[in-house]
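Single-letter residue listing:
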Amino acid sequence: MSAISASEKVDGFTRKSMRKAQKQRKSQGSSQYRTQSAPVELSPLPQLKDAPSAEQQELFTQKLQQCCMLFDFLDSVTDLKSKEIKRATLNELVDYVSTNRGVLVEPAYPEITNMISTNIFRTLAPSENPDFDPEEDEPTLEASWPHMQLVYEFLLRFLENPDFQPSIAKRYIDQKFVLQLLELFDSEDPRERDFLKTILHRIYGKFLGLRAFIRKQINNIFLRFIYETEHFNGVAELLEILGSIINGFALPLKAEHKQFLMRVLIPLHTAKGLALFHAQLAYCVVQFLEKDPTLTEPVIRGLLKFWPKTCSQKEVMFLGEIEEILDVIEPTQFKKIQEPLFKQISKCVANPHFQVAERALYFWNNEYILSLIEENIDKVLPIMFGSLYRISKEHWNPTIVALVYNVLKTLMEMNCTLFDELTSSYKADRQRSETS
């Protein structure tokens, strides 16, 4: 343990803050840089394009091995020459794999995956800001990105190369590799998560034997996020991959997939940071319903069960998702959920927060939803009438009052007789309550 100076002994706060700074620097540094007792200076190797074809494979391997050397990017003044040599070599490797055929021979696969693993797989540093809020705060960017970006680019070109053979690669790109890749989705750096999203999608497409494993691990990440940590930076990216995966599911849907929808995707709506990934989540839910319309009732009942009670921003998101679902709903399914759904919409219309009320009233601008309401006006109108009539007289926001008048006019045109009956009974009830 290092000795404590006299000034540190006197000022406990200084000591604590200095230690914290040292610790932070260490944790960031350890994210990518392994301390080496004697840093080796890199020497530039000949260019691949200048080498005789008989020597290219050996030179390719040497360059891959050279790129396994890691540097401390938190120190901006040391190893500048070696850092530049590695950057140029990585650029050359990306170009070599992208533009040449026949370079992915069997002995190259372990060398390639070793270079990639050495550079990208690491323990992610704790956030510099323990109260990090992705909506408000700037993310901590990966210091070694000048090299790491090229390694990710190389991995992508490797997977997309026409000569790539999954039958050979599966010995190296295995469950352990995928698990380490998934852990990196928690990186604060959005540039890294964007690469990971594309790479995992390519792996899912090329390695049939890994598909169930990838789905299961994403399932586990989401469950941990919902019920334990409430923090994971890559939820939106993983949902984006899932949107594409769900699109490719064969019919009839397996029980495993339906379970994932009801036990993972629907509870994901309860997350505090829903705004960060709601668009991708809603897309996944709608994909499921387009595949199997019979899931509409349990999904809408699930959303109603988790409906936000105190967060207006989340209510607006839920209403947006309900409209997306109603856009693809079958009329038979609509009949099953119209009563509980319009009871909730009726509450939203009466919400004092004008954005919630406005979003609910916008449903009446959707022609398909209007046609569904018209077919079922005898059920929908009695549920909605009380709220709408009361708001038309009482709501504080003139925009909402104007929208409500338009909705009442539309409903009246759908069934004038029923509208008049409801108006009379509503007024009679009001008079009774006032006189009693």
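Everything numeric here is computed off the predicted structure, so don't read it as measured data. (Residues numbered from 1 in each chain as written. Predicted model: local features only at pLDDT ≥ 70, side-chain atom pairs only at ≥ 80, totals over all residues. Heavy atoms only, no water.)

The next thing to look at is the overall build of the chain. When you go through the chain residue by residue, the secondary structure sums to 21 helices and 0 strands. The C-alpha radius of gyration computed for the chain amounts to 29 Å, which surpasses the reference 22 Å derived for 436 residues by more than 25%, pointing to a less compact arrangement than a globule. Projected onto its principal axes, the C-alpha coordinates of the chain cover approximately 95 × 65 × 35 Å. Within the chain, residue pairs in contact and separated by at least 24 positions form 75% of the contacts whose partners lie at least 6 positions apart. Of the roughly 22300 Å² of accessible surface on the chain, a fraction of 52% belongs to carbon and sulfur atoms. The averaged location of the 58 negative side-chain charges in the chain is 5 Å from the averaged location of its 51 positive side-chain charges. (Helix = DSSP H or I, 4+ residues; strand = E, 2+ residues; numbered from the N terminus. Rg over C-alpha atoms; globule rule 2.2 N^0.38 Å. Contact = heavy atoms within 4.5 Å. Areas by Shrake-Rupley, 256 points an atom, 1.4 Å probe, with all protein chains shown as cover. Lys, Arg positive; Asp, Glu negative; His and termini not counted. Charge placed at Lys NZ, Arg CZ, Asp CG, Glu CD.)

The next point concerns the pattern of salt bridges. Any two side chains of opposite charge can pair, given that their charged atoms come close. Under the counting rule described, the total for this entry stands at 20 salt bridges. Residue R122 is joined to E142 by a salt bridge in which the shortest nitrogen-to-oxygen separation is 3.1 Å. Pair noted here: R122 is in the loop between α5 (108–120) and α6 (145–160) and E142 is in the loop between α5 and α6, with a separation of 20 residues, a long-range link. In this structure E142 comes out as buried when scored by relative accessible area, which is 12%. For R193, the salt bridge is made with E237, and the minimal N-O distance between the two is 3.2 Å. Of this pair, R193 sits in helix α9 (residues 190–206) while E237 sits in helix α11 (residues 235–247), placing them 44 residues apart in sequence. By the burial criterion, R193 is buried, and E237 matches it. (Salt bridge = Lys/Arg side-chain N within 4 Å of Asp/Glu carboxyl O. Buried < 20%, exposed > 50% of the residue type's maximum accessible area, 1.4 Å probe, protein only.)

Contact pair helix α19 (residues 377–394) / helix α20 (residues 398–414): the axes reach a minimum separation of 10 Å and the direction vectors enclose 150°. When the axes of α19 and α20 are compared, the pair comes out roughly antiparallel. Crossing angle aside, the handedness with which α19 passes α20 is left-handed. In this structure, α19 contributes I377, L381, F385, L388, Y389, I391, S392 and K393 to the contact, and α20 contributes I400, V401, V404, Y405, V407, L408, L411 and M414. Considering only residue class, the contact of α19 with α20 consists of 14 nonpolar, 1 polar and 1 charged. (Axes fitted to C-alpha atoms, helices over the stretch in contact; angles between N-to-C directions. Parallel < 35°, antiparallel > 145°, perpendicular 65-115°, else oblique. Left-handed = near helix turned anticlockwise from the far one by under 90°. Nonpolar A, V, L, I, M, F, W, Y, C, P; charged D, E, K, R; others polar.)

Moving on, we get to α6. Counted at 1.5 Å a residue, the expected span for α6 with its 16 residues is 22 Å, and the 22 Å between its end C-alpha atoms agrees. With respect to burial, α6 is a largely interior element, 12 of its 16 residues being buried. Looking at the buried positions of α6, the neighbouring elements they touch are α3 (53–66), α4 (80–99), α5 and α9. (Expected span 1.5 Å × (residues − 1).)

Attention shifts here to the state of the cysteines. Under the defined criterion, the tally for this structure stands at 0 disulfides. The cysteine C67 is free of any disulfide, with C68 supplying the nearest cysteine sulfur at 7.4 Å. For C67, a relative accessible area of 1% translates into the label buried. (Disulfide = S-S within 2.5 Å.)

Take the packing of aromatic side chains next. Inspection of every chain in the model, using the stated rule, returns 19 aromatic pairs. A centroid spacing of 5.3 Å and a plane angle of 70° characterise the contact between W307 and F318, whose relative ring orientation is edge-to-face. Taken together, the residues span a long stretch of sequence, with W307 in the loop between α14 (296–305) and α15 (312–328) and F318 in helix α15 at a distance of 11 residues. By the burial criterion, W307 is buried, and F318 matches it. Look at F385 and F419: their rings are 5.3 Å apart centre to centre, the planes differ by 85°, and that puts the pair in the edge-to-face class. Of this pair, F385 sits in helix α19 while F419 is found in helix α21 (residues 416–435), placing the two residues 34 residues apart along the sequence. An identical accessibility class is assigned to F385 and F419; each is buried. Linked through ring pairs, Y109, F158, F164 and F207 together constitute an aromatic cluster. In this arrangement the basic side chain of K83 is found over the ring face of F73, its NZ or CZ atom lying 4.8 Å from the centre. (Phe/Tyr/Trp six-rings, centres within 6.5 Å; stacked < 30°, edge-to-face > 60°. Lys NZ or Arg CZ within 6 Å of the ring centre and 35° of its normal.)

Confidence along the chain averages 88 in pLDDT terms, with 90% of residues attaining 70 or more. In the predicted structure, residues 1–31 sits below a pLDDT of 50 and forms 22 contacts with residues beyond four places in sequence or in another chain. (pLDDT = per-residue confidence, 0-100.)

Further remarks concern unusual backbone geometry. Each neighbour pair has its own omega, and for L251 with P252 the value is -5°, a cis peptide bond. Within the secondary structure, P252 sits in the loop between α11 and α12 (255–265). Residue E230 is not a glycine yet carries a positive backbone phi of 55°. Given the relative accessible area of 48%, E230 is considered partly exposed.

In contact at an axis separation of 9 Å, α9 and α11 are set at 30° when each is read in the N-to-C sense. Judged by the inter-axis angle, α9 sits roughly parallel to α11. Relative to α11, the crossing made by α9 is right-handed. Of the residues in α11, those touching α9 at R193, K197, L200, H201 and Y204 are E237, L238, E240, I241, S244 and I245. Residue composition of the contact of α9 with α11, grouped by class: 5 nonpolar, 2 polar and 4 charged.

Along the polypeptide, A402 turns up in helix α20. Measuring from C-alpha to C-alpha, the distance between A402 and N100 comes to 66 Å, with 302 residues separating the pair along the chain.

On to the nonpolar core, then. Generally speaking, soluble globular proteins have nonpolar side chains that are buried together. Residues I203 and F222 are the most contacted members of the largest nonpolar core, which totals 130 residues. The residues contacting I203, other than those within four sequence positions of it, are L159, I173, F177, V178, L181, L210 and I214. (Core = buried A, V, L, I, M, F, W, Y, C linked by side-chain atoms within 4.5 Å.)

For P298, the location among the structural elements is in helix α14. Measuring from C-alpha to C-alpha, the distance between P298 and E188 comes to 35 Å, with 110 residues separating the pair along the chain.

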